[in-house]
Amino acid sequence: MIVENDTKLKRTLKLWQIVMMGLAYMTPMVVFDTFGIVSGITGGHVPTAYIVALVGMLFTASSYGKLVKVFPAAGSAYTYTQKAINRHLGFLVGWSSLLDYLFLPMVNALLTKIYLTALFPEVPTWLWVVLFVATVTILNLRSVNVLANFNALFVVIQIAIMTVFIILVIRGLHSGEGTGEVFTIQPFVQEGMDYSSIVTGATILCFSFLGFDAVTTLSEETPNPTKTIPKAIFLTALWGGMIFIISSFFIQLFFPDISRFKEPDAALPEIALYVGGKMFQSIFLCTTLVNTLASGLASHASVSRLLYVMGRDKVFPEKWFGYIHPKWKTPSINVLIVGIIALSALFFDLVTAASLINFGALKAFTFVNLSVISHFIIKEKKYRTIKGYFHYLIMPLIGAISIGILWINLETSSLIMGVGWFLIGFCYLLYFTKAFRTAPPQYQVEEIQL
């Protein structure tokens, strides 16, 4: 039997731990997974596409930072839309955001199954899913500090192997591989490049940045969230973007085009093989498993906190979703629920799961930018100064337009499944609020005036 309690999340996380959690969610080595696709689209200018994507994401990151200063609660886009615009809309944004948060642990389980099945084809595939989900769930049940330290270790391992990769690339360039030179701007810009293709490539790469927003779900586990979380959001997006740009620059030097790849859509194994040989390829592939585990831990933690906030708000049953374990100070029931859902990787395919994630993420990003305008411009009237007009209208508008470009390029399957999920949430909200005659309840968090 579950007993309601007043136990709260424990405020222990430091800035560096939160940034590491965000980077783990973003998975730095994803740059190798998308390189072949985007290099083909951009004509060999992946670093430039990353720069365009980073600029767009930093505007949205800035919107997250502004809102967390006013509403220092876990919940991310759900909380901000609920308090800045409308409770009903807030629930629907939170419901859609669950697609992003809830299905990413399952995607990591799927990737683990794919990687390990390739290495050990004789082992039943279901065993890898069960072992992965069990490991991630057990680690998430314990203290968030333990989780953060694990993620920090995994991120450091990824950066270390990427550093070795860059050293090997430089050695190969001096031996005549690729462009044959290190100091060149060719990967960034060259005569006759198609700028529209750069934007197209950037729309794909923007999804590599999913995760900088997830750190907002840790607001109630941070001693001073109004200062720490905005910094963590910006630093996660910026550092992640710099890792992507630097890594893709050296990959592009070694592979000026995609002619050497047999499978450009899955070029990671070939990149590692050509740069470092068979032994390095094996080490590199093992590191991708670490990468997947780090992302799985971070995404599992984030969705558990989002479910906790929605349970505490009583839009989901509070005794289950709003429960905090008295010893571990974690939303333990939510952690178990997410683990059970992640086991659906036994039946789902990667394309379907990824499609659902894209819809949820874009909806969250869109309404965070709109929430800044609603709260600061419409409610607080901060358009009366040039500084306020720029910070609270122009910047979030640029962020919203950047996300709008991604909406235009969203896959049809993402749109169809996302709308289906949205309609399920809409019907639940219709029932829960008695056909909108009552507003969804919300947890009262003190609003901070800037």
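Here, every reference points to the structure presented above.
Before going into details, it helps to say that this report is about the structure given with it. Not measured: the values here are computed from a predicted model.

Once that is clear, we can look at the overall build of the protein. For the protein, the helix and strand inventory stands at 15 helices and zero strands. Radius of gyration (C-alpha) of the protein: 22 Å, near the 22 Å computed for a compact globule of 450 residues. In terms of its C-alpha atoms, the protein occupies a principal-axis envelope of roughly 70 × 60 × 40 Å. A total of 450 residues make up the protein; the buried ones form 57% of that total. Considering only contacts within the protein whose residues lie at least 6 apart along the sequence, 82% involve residues at least 24 apart. For the protein, the accessible surface area stands at approximately 18500 Å², while carbon and sulfur atoms represent 69% of it. Averaging the coordinates of the 30 positive side-chain charges in the protein and doing the same for the 23 negative ones gives two points 14 Å apart.

So, on to the side chain of threonine 27. One can find threonine 27 in the loop between α1 (15-26) and α2 (30-42). Residue threonine 27 is classed as buried on the basis of its relative accessible area, which comes to 12%. With near-sequence residues (within four places) excluded, threonine 27 lies in contact with Gln158, Phe244, Asn291 and Ser295.

Okay, the packing of aromatic side chains next. Summed over all chains, the structure comprises 29 aromatic pairs. Both rings, one in tyrosine 64 and one in phenylalanine 365, keep their centres 6.3 Å apart while their planes meet at 90°; by these two values the pair is edge-to-face. Within this pair, whereas tyrosine 64 is found in helix α3 (residues 46-70), its partner phenylalanine 365 is found in helix α13 (residues 350-379), the two being separated by 301 residues in sequence. Phenylalanine 365 shares its class with tyrosine 64; the two are buried. Ring geometry for phenylalanine 426 against phenylalanine 436: centres 5.6 Å apart, planes inclined by 55°, an arrangement best described as tilted. Of the two residues, phenylalanine 426 is situated in helix α15 (residues 412-432) and phenylalanine 436 in the segment after α15; the sequence distance between them amounts to 10 residues. By relative accessible area, phenylalanine 426 is classed as partly exposed at 29%. You can call phenylalanine 436 partly exposed: its relative accessible area is 35%. Clustering of aromatic rings is evident, with ring pairs tying together Phe91, Trp95, Phe103, Phe316, Phe321, Trp421, Tyr428 and Phe432. Between the NZ or CZ atom of arginine 260 and the centre of the ring of tyrosine 274, over which it lies, the distance is 4.4 Å.

Here we come to the environment of threonine 287. Structurally, threonine 287 can be placed in helix α10 (residues 268-312). For the pair formed by threonine 287 and phenylalanine 422, sequence separation is 135 residues and the distance between their alpha carbons is 36 Å. Setting aside anything within four residues of it in sequence, one finds threonine 287 in contact with Met29, Ile157, Gln158 and Ile161.

Bringing a nonpolar patch on the surface into the picture now. A cluster of nonpolar residues, Trp126, Val130, Leu346 and Phe347, forms a patch on the protein surface that exposes about 440 Å² of accessible area. With respect to the helices and strands, the residue valine 130 is situated in helix α6 (residues 125-141).

Looking at the element boundaries, serine 97 is found in helix α5 (residues 87-119). Its relative accessible area of 2% is what places serine 97 among the buried residues. The sequence separation of serine 97 and leucine 356 amounts to 259 residues, and the corresponding C-alpha distance is 9.8 Å. When neighbours within four sequence positions are excluded, serine 97 is seen to be in contact with Ala77, Leu306, Gly360 and Ala364.

What counts, and at which threshold
Residues numbered from 1 in each chain as written. Predicted model: local features only at pLDDT ≥ 70, side-chain atom pairs only at ≥ 80, totals over all residues. Heavy atoms only, no water. Helix = DSSP H or I, 4+ residues; strand = E, 2+ residues; numbered from the N terminus. Rg over C-alpha atoms; globule rule 2.2 N^0.38 Å. Buried < 20%, exposed > 50% of the residue type's maximum accessible area, 1.4 Å probe, protein only. Contact = heavy atoms within 4.5 Å. Areas by Shrake-Rupley, 256 points an atom, 1.4 Å probe, with all protein chains shown as cover. Lys, Arg positive; Asp, Glu negative; His and termini not counted. Charge placed at Lys NZ, Arg CZ, Asp CG, Glu CD. Phe/Tyr/Trp six-rings, centres within 6.5 Å; stacked < 30°, edge-to-face > 60°. Lys NZ or Arg CZ within 6 Å of the ring centre and 35° of its normal. Patch = residues over 30% accessible without salt bridge, like charges linked within 9 Å, V, L, I, M, F, W, Y side chains within 5 Å. Salt bridge = Lys/Arg side-chain N within 4 Å of Asp/Glu carboxyl O.

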